[in-house]
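Residues per chain, in single letters:
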Amino acid sequence: MLVHVDANNFYASCEKVFDPTLRDRPVVVLSNNDGVVVARSSEAKALNIDMARPYFQIADLLRRYDVRVLSSNYTLYDDMSNRLAAVYRRFTDALEIYSIDECFLSFDHVPPDRLDAEARRLRTTAGRWTGIPVGVGVAATKTLAKLANRLAKKVPANDGVCVLGDAASVRDALGRIELTDLWGVSRGFQCRLRSLGIATPLELAEADSHLVRRRLGVVGQRIALELRGQRCIPMEVIAPDKQTVCCSRSFGTETRRFDDLRQAVCTFASQAMVKLRRQDLAAGAVTVFVDTNIHAPPGVKQYHNARTTGLPTASCDTREIAAAAVRALRRVYRPGYSYKKAGVLLHRLVKRSGVQPNLFDRRDHGRAGRLMATVDRINRRFGRGAVRIAAAVPFGMAPSGLTAGRTVHWRGRCDRRSRCYTTRWDELPICYAKSA
DNA sequence: TCTGGGGTCCTAGGACCC
DNA sequence: TCTGGGGTCCTAGGACCC
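Residues numbered from 1 in each chain as written. Chains lettered and ligands numbered in written order. Predicted model: local features only at pLDDT ≥ 70, side-chain atom pairs only at ≥ 80, totals over all residues. Heavy atoms only, no water.

Enquirer: An account of the protein's contact with DNA strand B is needed here, citing residue identities and associated values.
Expert: Within the structure, DNA strand B sits among 21 residues, and Arg222, Cys246, Ser248, Ser250 and Lys340 are positioned closest to it. Taking all atoms of DNA strand B within 4 Å of the protein, the share assigned to sugar and phosphate is 75%. Lys340 places a side-chain nitrogen or oxygen 2.5 Å from a phosphate oxygen of DNA strand B. Put simply, the parts of the chain that give the surface near DNA strand B at least two residues each are helix H10 (209-227), strand E9 (245-255) and strand E12 (339-351). Per-element tally for the surface near DNA strand B: the top contributor is E9, with six residues. Of the residues contributing to the surface near DNA strand B, the split by class is seven nonpolar, eight polar and six charged. (Near = heavy atom within 4 Å. Polar contact = N/O pair within 3.5 Å; in protein donor to acceptor, adjacent residues only side chain to side chain. Helix = DSSP H or I, 4+ residues; strand = E, 2+ residues; numbered from the N terminus. Nonpolar A, V, L, I, M, F, W, Y, C, P; charged D, E, K, R; others polar.)

Structure representation (structure tokens):
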């Protein structure tokens, strides 16, 4: 059997762990640039605050309800995510980290009559050791385990744990949910299913295989088979190497200037390269894209463009990638547009040990590699951007403002970020004990 | 004033190969 | 008049996920 475990209201729960004033209060966490709502505490959900709602549309409402609003603090969430994974590893070595707040675990070693008790022990331990409440679903396939987890949370009597251990309980579960509650079934997919006369998860599980394959492709077929208990989506205990690494941002203020875009692109490229080197990869190509504001009123000229620059040899050198990114930017940039967003994508990724050298390349890659390793080490110790290429600006925790004597227009807002309680010595939570 | 970011997978179509 | 069959690789775009 497989286990799916995920945190409840993850970002909001992380914030609550370290700030007692948030307890029992509605909390929402905003996306980068304080754009939209990306997490809500249970109290906030009870107020019918929508997910993905632009903040400016509901700012008044949130004030009226006295909702605590926070910018997202990924340093904190990443660390809490690692803590949860460490707890799960106590239960099995066969662990797949699926997202920042979700894992799949193999419970193949747990006898059927112990599944419920072991799942409850997992939930209790995670809650006690990290302060984060989690839900646990157990079933034969990933799709069913996700479904079980949904019921673990949705049905109060389940108390956060649901085991679908036999055909009867699976059948019962399939009758309790909507098609769009299934993993991989969006609104659009639901419409296609309806047009085939499939209106419920149970009908999908029992639909004719040939019809499903022909009309819904392999994607639909996999979902249907998984619902019948056949594993089509394997556990990935060893995380496969990334195929792309991306760093992009919406700007706090739109800009028309090439120089602003160049600075942004060089900063994003630097950041993407840190991620790349952390995984011991090198990039063979860089894509740069720029966007105008898609929410601008009608009549404002829209522009989206992307260009790729290939490298003769895959590289992990920020200087080389940033230079390639600027070359790509020159080709996408058009004067006269007001730019809202830009991004850098690294692809054709290969392991550094497997880079194919170029016959005519006489540079000293060993030296460049050592330089980058040193830069990364310094930045880990003294903070992101302590050492950087001159074309970039410090990235991350610093507030928007002046850099090298002039305003950085493009950096996003993050005015309400909580502290890095678990990763910075000077931001540790402080407890005051009442004296007797 | 204000509307996220980072991924994967599939499919179709084109270029090219033998 | 007629105009193969089988394949790879790449890219763009769309759907979907968290």
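That was the structure; now back to the text.
Enquirer: I'd like a rundown of the protein's contact with DNA strand C, residues and numbers included.
Expert: Among the 13 residues in the neighbourhood of DNA strand C, the closest are listed as Lys146, Gly184, Val185, Ser186 and Phe189. For DNA strand C, the fraction of atoms within 4 Å of the protein that belong to sugar or phosphate moieties is 100%. Measuring from a sugar or linking oxygen of DNA strand C, one finds a side-chain N or O atom of Ser99 at 3.0 Å. Only strand E5 (95-99) and helix H8 (187-195) provide two or more residues apiece to the surface near DNA strand C. Residues that form the surface near DNA strand C fall into these classes: five nonpolar, four polar and four charged.

Enquirer: Please give an account of the domain arrangement of chain A that cites residues and values.
Expert: Domain annotation of chain A identifies domain 1 (2-163) and domain 2 (245-403). The straight-line distance from the C-alpha centre of domain 1 to that of domain 2 is 32 Å. (Domains from an automatic or database assignment.)

Enquirer: Can you lay out the sheet that holds E5 for me, pointing to particular residues and giving the numbers?
Expert: Read across the sheet, five strands follow the order E5-E6-E1-E7-E8 without closing on themselves; strand pairing throughout is mixed. Two strands bound the open sheet, and with one partner strand each, they are E5 and strand E8 (161-163). Strand-to-strand, the axes of this sheet are offset by a mean angle of 15°, without reference to chain direction. Across three bridges, the pairing between strand E7 (residues 134-139) and E8 is parallel. Note that in E8 the partner of Val136 across the bridge is Val161. Its contacts with the sheet put helix H5 (residues 115-130) on strand E1 (2-7), strand E6 (102-106), E7 and E8, and the angle it makes with E7 is roughly 160°. (Pairing = 2+ DSSP bridges. Axes fitted to C-alpha atoms, helices over the stretch in contact; angles between N-to-C directions. Contact = heavy atoms within 4.5 Å.)

Enquirer: Can you tell me about the packing of helix H11 (residues 258-278) against helix H12 (residues 318-332), naming the residues and giving the values?
Expert: Where H11 meets H12, the closest approach of the two axes is 9 Å, and the angle between their N-to-C directions is 140°. In terms of their interaxial angle, H11 and H12 are classed as oblique. Our pair here, H11 against H12, has a crossing hand that is right-handed. On the side of H11, the interface is formed by Phe258, Leu261, Arg262, Val265, Cys266, Ala269, Ser270, Met273 and Arg277, while H12 contributes Thr318, Ile321, Ala322, Ala325, Val326, Leu329 and Arg330. A breakdown of the residues in the contact of H11 with H12 according to their chemical character gives eleven nonpolar, two polar and three charged. (Parallel < 35°, antiparallel > 145°, perpendicular 65-115°, else oblique. Left-handed = near helix turned anticlockwise from the far one by under 90°.)

Enquirer: Hey, could you go over helix H7 (residues 167-174) for me, with residue numbers and the actual values?
Expert: Taken together, the buried positions of H7 are occupied by Val170, Ala173 and Leu174. In an axial view of H7, the angular spread of the buried residues amounts to 95°, which keeps them on one side of the axis. On its buried side, H7 packs onto helix H6 (142-154), helix H9 (201-205) and H10. (Buried < 20%, exposed > 50% of the residue type's maximum accessible area, 1.4 Å probe, protein only. Arc of directions from axis to C-beta.)

Enquirer: I'd like to hear about the pattern of salt bridges, residue by residue, with values.
Expert: Where charged atoms from two side chains of opposite charge approach closely, those side chains can pair. For the structure on display, the rule yields 26 salt bridges. The salt bridge involving Glu43 is made with Lys16; its shortest N-O contact spans 2.8 Å. A residue pair is termed long-range when its members are at least 10 positions apart, and Glu43 in helix H2 (residues 42-46) and Lys16 in helix H1 (residues 10-18) qualify at 27 residues. When salt bridges with common partners are traced through the structure, they connect Arg114, Glu118 and Arg121 into a single cluster. (Salt bridge = Lys/Arg side-chain N within 4 Å of Asp/Glu carboxyl O.)

Enquirer: Talk me through the layout of surface pockets; I want residue IDs and the actual numbers.
Expert: In this structure, the second largest pocket encloses a volume near 950 Å³. In terms of lining, the second largest pocket is formed by 36 residues, of which the most central are Asp6, Ala7, Asn9, Lys45 and Lys153. Residue assignment for the lining of the second largest pocket shows that the elements contributing at least two residues are E1, H1, strand E3 (37-40), H2 and H6. A total of seven residues in the lining of the second largest pocket trace back to one element, the largest contributor, which is H6. Residue composition of the lining of the second largest pocket, by class: 13 nonpolar, eleven polar and twelve charged. (1 Å grid on protein atoms, 1.4 Å probe; cavity = no way out; pocket = protein on both sides within 12 Å on 5 of 7 lines; lining within 4 Å. Points joined across faces, edges and corners; volume = space filled by probe spheres on them.)

Enquirer: Could you give an account of a nonpolar patch on the surface, naming the residues involved and the relevant values?
Expert: Together, Ile378, Phe382 and Val387 give the surface a local cluster of nonpolar side chains, amounting to about 250 Å² of exposed area. The topology assignment puts Phe382 in helix H13 (residues 365-382). The class for Phe382 is exposed, based on a relative accessible area of 56%. (Patch = residues over 30% accessible without salt bridge, like charges linked within 9 Å, V, L, I, M, F, W, Y side chains within 5 Å. Areas by Shrake-Rupley, 256 points an atom, 1.4 Å probe, with all protein chains shown as cover.)

Enquirer: Residue-level account of the packing of helix H4 (residues 74-88) against H5, with values.
Expert: It is at 10 Å that the axes of H4 and H5 come closest, and there the two elements cross at 140°. Our classification of the angle between H4 and H5 gives oblique. Seen from above, H4 lies across H5 with right-handed handedness. On H5, the residues touching Met80, Arg83, Leu84, Val87 and Tyr88 of H4 are Leu122, Thr125, Ala126, Trp129 and Thr130. Of the residues that constitute the contact of H4 with H5, the class distribution is seven nonpolar, two polar and one charged.

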